[in-house]
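# Report on the structure
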Amino acid sequence: MQDFALDFDNFAATKPQSPCVTEGERTFTWAEVKAISDNLFAELSDNGVAVGDVVVWIGAAGADRLFAHLASQRSGFVFAAPVIAMGPDFIEQFLDTAAPKAIIVQSGWEEHV
């Protein structure tokens, strides 16, 4: 975990304007990805999420999910993303078992929680 965070931060510092992630027609630079994941980390930390706590993502795969995953991994949070297609009973059981400290719900996915 620490090696990944250090490698990510070092690369973002040395190549801040290089492309990192492309989704559709939008390309995010390393600096943008770092800033987004830093902001998400700060928000989670401000709400009491600490190293080792579980953070669950409810939403589509894509750049937003990647940002949440990066924020979690770089900060020592445990990131989990259940398979929404498994249905509401699975999601409920997953959340009960995972006991997340925080649940990040992508806009438009609220009915899955």
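Preceding block: the structure.
The notes below deal with the structure included here. (Residues numbered from 1 in each chain as written. Predicted model: local features only at pLDDT ≥ 70, side-chain atom pairs only at ≥ 80, totals over all residues. Heavy atoms only, no water.)

Time to look at the sheet that holds strand β4 (residues 78–80). Strand order across the open sheet formed by three strands is β4-β3-β5, with parallel pairing between neighbours. In the strand order of this sheet, the two ends are held by β4 and β5 (102–105), each with one partner. Going across the sheet, the axis of each strand differs from the next one's by a mean of 20 degrees, ignoring polarity. Sheet analysis places strand β3 (residues 54–58) next to β4, joined by three bridges and oriented parallel. Each bridged residue has a counterpart across the sheet, and for valine 56 the counterpart in β4 is alanine 80. (Pairing = 2+ DSSP bridges. Helix = DSSP H or I, 4+ residues; strand = E, 2+ residues; numbered from the N terminus. Axes fitted to C-alpha atoms, helices over the stretch in contact; angles between N-to-C directions.)

Okay, helix α2 (residues 30–46) next. In this model, α2 (17 residues) spans 24 Å end to end at C-alpha, consistent with the 24 Å of a helix rising 1.5 Å per residue. Looking one or two places after α2, you find glycine 48, whose phi comes out positive at around 90 degrees. (Expected span 1.5 Å × (residues − 1).)

This part covers the packing of aromatic side chains. Two numbers describe a pair of aromatic rings. These are the distance of the centres and the angle of the planes. Taken as a whole and assessed by the stated rule, the structure comprises five aromatic pairs. Centroid distance phenylalanine 28 to phenylalanine 67: 5.0 Å. Interplanar angle 80 degrees. Geometry classified as edge-to-face. Here the residue phenylalanine 28 occupies a position in strand β2 (residues 26–29), and phenylalanine 67 occupies one in helix α3 (residues 63–75), the gap between them amounting to 39 residues. Residue classification places phenylalanine 28 among the buried positions, given a relative accessible area of 11%. Here phenylalanine 41 and phenylalanine 77 contribute two aromatic rings whose centre-to-centre distance is 5.8 Å and whose plane-to-plane angle is 25 degrees, an arrangement assigned as stacked. Placement of phenylalanine 41 in helix α2 and of phenylalanine 77 in the loop between α3 and β4 is noted, with a sequence separation of 36 residues between them. Through a chain of ring-to-ring contacts, three or more aromatic side chains come together here, namely Phe8, Phe11 and Trp30. (Phe/Tyr/Trp six-rings, centres within 6.5 Å; stacked < 30°, edge-to-face > 60°. Buried < 20%, exposed > 50% of the residue type's maximum accessible area, 1.4 Å probe, protein only.)

With that settled, consider the pattern of salt bridges. Enumeration over the complete set of coordinates arrives at four salt bridges. The residue lysine 34 makes a salt bridge to aspartate 38 at a minimum N-O spacing of 2.7 Å. Residue lysine 34 and its partner aspartate 38 are both found in helix α2; the two are separated by four residues, about one turn of the helix. Here the residues in one salt-bridge network are Asp9, Lys34, Asp38 and Arg74, joined through shared partners. (Salt bridge = Lys/Arg side-chain N within 4 Å of Asp/Glu carboxyl O.)

One non-glycine residue, alanine 99, adopts positive backbone phi at about 45 degrees. Residue placement: alanine 99 occurs in the loop between α4 (88–98) and β5.

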